[in-house]
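So the chains spell out like this:
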Amino acid sequence: MSSTEQGTSSAAPAEPTTAPESAAAPEVPESFYYVHGKDKVVHKVSAGALQHSALIHGMISNLGYTEEQAKANPFPFENIDGDILQMVVDWCNQHKGKPTPPEDTNLPKQKEKLFDLVLAVNYLEIKELLTYCCKQVAMMVKGKSPEEIREIWMIPTDAEDEAAEKEAKKRAGKEAAGETAAAAGDAK
Amino acid sequence: MILSKYPNLVQKEILDHMKYPDLLLLSFVSKNMKKLITASQKKRFKSIRSIEYEYDRVDGTCVVYFLDENKPLTKYHKRSSKTDDDMLMRIVKLEEDENDNFQANGKMIDFRFSDDYKYPTACYVECDKENVFQSIHNHFLDVFGNAIEYNWESPGWRNSEEFFIPFIPKLKNVSFCISMYLDGHFSDVRHFENFFSLSPVAKTIQLHVKRRMGPFNPDSKFYQAEAIHIATPLIHSRDFLRHFQGRQFSLNCNRYEKSNLIDFVNRWKSGEAFQNLEYAQIRIIYNNRYLHRIFNEIGVKYIDANRQPPTHALRFGFDWCYKNRTTHPITSHAYVVRETDNRVASVQISVISFLFGVWDKTEEEFLEMVE
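Residues numbered from 1 in each chain as written. Chains lettered and ligands numbered in written order. Predicted model: local features only at pLDDT ≥ 70, side-chain atom pairs only at ≥ 80, totals over all residues. Heavy atoms only, no water.

With an unreviewed UniProt entry as reference, chain B is termed F-box domain-containing protein, source organism Caenorhabditis nigoni.

In the nomenclature of an unreviewed UniProt entry, chain A is known as Skp1-related protein of Caenorhabditis nigoni. Taken verbatim from the UniProt record of chain A, the Pathway (unreviewed entry) comment is "Protein modification; protein ubiquitination." For chain A, the Sequence similarities (unreviewed entry) comment in UniProt is given as "Belongs to the SKP1 family." (UniProt positions renumbered as here; feature names shortened; annotations may be inferred.)

See below:
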């Protein structure tokens, strides 16, 4: 794996001094973990920022990695594009230890990016960010006609749904027939 | 972006963030979308108190409102406080020849949008009006379910002769609520009778009597309404209570004969009439002195004066604007019993009012409630 440790401008890996909770709490050295997406670019993220993700939080809570071990074992999220993972990491860093605001206006405006972000956020179980994203997706069709909604969300017509259903049934029938034939062959 | 590629929970959350008018439009996109909305938004739709059609007879426009339980109740204390935010859609008579058709329950319907894109507008041509209303209503039933109240509200029937034949489409599960002024056109009993013979049985009728009228047909659908409120403060009008067959009756009148009041209670007690009655309230402005002696003449029984009687109150059925009001609470030691089924009605009088609240209890069960 090409391990390019990355601290982006917006996603500057959390410095203990900038973490708000460290101001009041006794000084505890912050632990860091490493994640990478499909592009193998590794992002260093603090445990505090990763708390937003129920999935990752569950994975790291009992690991007790040292810094070296964490660096050597980045969490691979091969199903998430690098730029999308970057957005997620940025968001987690920006909202580390802070109450989440009611709105988030920094989400991508492009449909495809937002679509991928929703899937990633749902997979990583980041509840608040998922809520923002879903709101944004819902806003895309506000005040649109049924035909415009169909285009934006690529919703098939009834005829297309029926054709797809027929096709799926046909395929399922064929597969079942194939399995029966294979089982009969095995029996012989 | 392909919505169906999202996991079900994500699709649900997206729909959770959509407003009702947008969900309604989404439901027109395909049958599968309608199914998804129905299945995923069941819990949310439970908070819809009612869907209300307000039809304007003059221009044929119908505004459809949804009243949400989760909104502060004060929002609905007056009809005028229903805002654009509470609108689900408008249904208007088509004047131009533009088309943007969508299918609702097998019917192609022309949709437009309000200028601010807050709510959709469906259009109809006069000859197809009934069909359009029925298709849209059936679509509402499919999407929002039939557990919520659907009301067709028709306020302010007065002098408008040219519009006196009611347009009330035959819609499943819809209650008809009407307010009417008995003067001008409707002071002619034939017009009044004709109106009700052409209308479905009403849920609520508010009647403002401004002129004396001849007798109504005792079998008129008017008397079958679930709740009737009559205001006749200036006219000594006829005994509207005598033939009433519904559940709640309220009369605010100039005078009311003592013999009529005694007759009412006796006919209830004997089981001869008023079997469905739950509540009656008669407010008499003049010649009401007999009220304080009426108990002796209607044969009331009394709860022990040292004990606390239960309070009778029901959801107020007279006024469709005041959804959460109850009837005037009756806490009285006096009660009467119906001979046929031993049911009890609490009776209360004040200086100008006679209140009658029927319990769903036998005398024995009623007395068990006394503290």
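**Q** Sorry if this is basic, but what is going on with the overall build of chain A here?
**A** Within chain A, the secondary structure is distributed over nine helices and four strands. In chain A, the succession of helices and strands from N to C terminus is β-α-β-β-α-α-α-β-α-α-α-α-α. In chain A, which comprises 188 residues, the proportion classed as buried is 40%. Within chain A, contacts between residues at least 6 apart in sequence are counted, and of these 66% link residues at least 24 apart. (Helix = DSSP H or I, 4+ residues; strand = E, 2+ residues; numbered from the N terminus. Buried < 20%, exposed > 50% of the residue type's maximum accessible area, 1.4 Å probe, protein only. Contact = heavy atoms within 4.5 Å.)

**Q** Whenever I open this one, the overall build of chain B confuses me. Can you help?
**A** In terms of regular secondary structure, chain B is built from nine helices and 18 strands. The burial tally for chain B puts 53% of its 371 residues in the buried class. By sequence separation, contacts in chain B at least 24 residues apart represent 60% of the contacts at least 6 residues apart. Accessible area for chain B stands at about 17,000 Å²; split by element, carbon and sulfur atoms hold 47% of it. (Areas by Shrake-Rupley, 256 points an atom, 1.4 Å probe, with all protein chains shown as cover.)

**Q** Would you mind showing me how to read the pattern of salt bridges here?
**A** Applying the stated criterion across every chain, the model contains 18 salt bridges over all chains. The partner of A:K40 in a salt bridge is A:E78, with the nearest N and O atoms 2.9 Å apart. Here A:E78 lies in the loop between strand 4 (75–76) and helix 5 (82–94) and A:K40 lies in the loop between strand 2 (32–36) and strand 3 (41–46), a separation of 38 residues in the sequence. Between B:K34 and B:D142 there is a salt bridge whose closest N-O contact spans 3.1 Å. Highlighted residues: B:K34 in helix 3 (residues 31–40) and B:D142 in helix 5 (residues 129–144), separated in sequence by 108 residues. Judged by relative accessible area, which is 34%, B:D142 ranks as partly exposed. Salt bridges sharing partners connect three or more residues here, namely B:K93, B:E126 and B:K129. (Salt bridge = Lys/Arg side-chain N within 4 Å of Asp/Glu carboxyl O.)

**Q** Teacher, can you tell me more about unusual backbone geometry here?
**A** One can expect most non-glycine residues to show negative phi and most peptide bonds to be in trans. Residues and elements named next belong to chain B. Residue N173 is not a glycine yet carries a positive backbone phi of 65 degrees. Tracing the backbone shows N173 in the loop between strand 7 (149–157) and strand 8 (174–182). The class for N173 is partly exposed, based on a relative accessible area of 46%. Even without being a glycine, N342 presents a positive backbone phi close to 65 degrees. Taking the relative accessible area as the measure of exposure, N342 reaches 33% and is therefore partly exposed.

**Q** Sorry if this is basic, but what is going on with the UniProt feature "domain: F-box" (unreviewed entry) in chain B here?
**A** The feature "domain: F-box" (unreviewed entry), as annotated in UniProt, sits at residues 1–48 of chain B in this numbering. Secondary structure over residues 1–48 of chain B splits into 65% helix and 2% strand, and the C-alpha atoms at its two ends are 31 Å apart.

**Q** In this structure, what is going on with the interface of chain A and chain B? I would like to understand it.
**A** Often the size quoted for an interface is simply the accessible area lost on bringing the parts together. Listed as interface residues are 31 residues of chain A and, on the opposing side, 24 residues of chain B. Summed over both partners, the interface of chain A with chain B buries about 2,600 Å², with 69% contributed by carbon and sulfur atoms. A per-residue breakdown of the area chain A buries against chain B is headed by A:F115, A:P146 and A:W153, which together make up 24% of the total. Counting across the chain A and chain B interface gives zero salt bridges. At the boundary of chain A and chain B, one finds six residue pairs in polar contact (both at pLDDT 80 or more). Every element with two or more residues in the side of chain A that touches chain B is listed here: helix 6 (111–124), helix 7 (127–139), helix 8 (146–153) and helix 9 (158–187) of chain A. (Buried area = accessible area lost by both parts, 1.4 Å probe. Polar contact = N/O pair within 3.5 Å; in protein donor to acceptor, adjacent residues only side chain to side chain.)

**Q** Is there a simple way to explain the packing of helix 2 (residues 20–27) of chain B against helix 5 of chain B in this structure?
**A** In a pair of packed helices, the angle between the axes and the distance between the axes together describe the arrangement. Residue and element names in this part refer to chain B. Interhelical geometry of helix 2 versus helix 5 gives an angle of 105 degrees and a closest axis separation of 11 Å. Our classification of the angle between helix 2 and helix 5 gives roughly perpendicular. From helix 2, Y20, L24 and S27 reach across to helix 5, where they touch H139, F140, V143 and F144. Its residues assigned to classes, the contact of helix 2 with helix 5 shows five nonpolar, two polar and no charged. (Axes fitted to C-alpha atoms, helices over the stretch in contact; angles between N-to-C directions. Parallel < 35°, antiparallel > 145°, perpendicular 65-115°, else oblique. Nonpolar A, V, L, I, M, F, W, Y, C, P; charged D, E, K, R; others polar.)

**Q** Hey, could you run me through helix 7 (residues 258–270) of chain B in this one?
**A** Because each turn of an α-helix spans 3.6 residues, side chains separated by three or four positions end up pointing in the same direction. All names here are of chain B. The end-to-end C-alpha distance of helix 7 is 18 Å, a good match for the 18 Å that 13 residues give at a rise of 1.5 Å each. For helix 7, every residue scored as buried is listed here: L261, I262, F264, V265, R267, W268 and K269. At its buried positions, helix 7 is contacted by strand 12 (279–284), helix 8 (294–298), strand 16 (334–337), strand 17 (343–349) and strand 18 (353–362). Trailing helix 7 by a residue or two, G271 shows a phi angle of about 80 degrees, which is positive. (Expected span 1.5 Å × (residues − 1).)

**Q** For this particular structure, what's the right way to read the environment of B:L36?
**A** Residue and element names in this part refer to chain B. One can find L36 in helix 3. Between the C-alpha atoms of L36 and N8, which are 28 residues apart in sequence, the distance is 9.2 Å. Residues in contact with L36, not counting those within four places in the same chain, are Q11 and L15.

**Q** Looking at this model, I keep getting lost on the nonpolar core. Mind explaining?
**A** Note on soluble globular proteins: their nonpolar side chains tend to be buried together. Residues A:W153, B:F140, B:F144, B:F222 and B:F356 are the most contacted members of the largest nonpolar core, which totals 137 residues. When sequence neighbours within four positions are dropped, the list of residues in contact with B:F140 reads B:L24, B:I51, B:Y53, B:V64, B:L88, B:M89, B:G145 and B:Y150. Counting residues in each nonpolar core, the second largest holds seven residues, with B:I303, B:V337, B:F366 and B:V370 among its members. (Core = buried A, V, L, I, M, F, W, Y, C linked by side-chain atoms within 4.5 Å.)

**Q** Would you mind showing me how to read the UniProt feature "domain: SKP1 component dimerisation" (unreviewed entry) in chain A here?
**A** UniProt annotation of "domain: SKP1 component dimerisation" (unreviewed entry) refers to residues 127–170 of chain A when read in the numbering used here. In the segment residues 127–170 of chain A, helix accounts for 77% and strand for 0%; the C-alpha atoms at its two ends are 39 Å apart.

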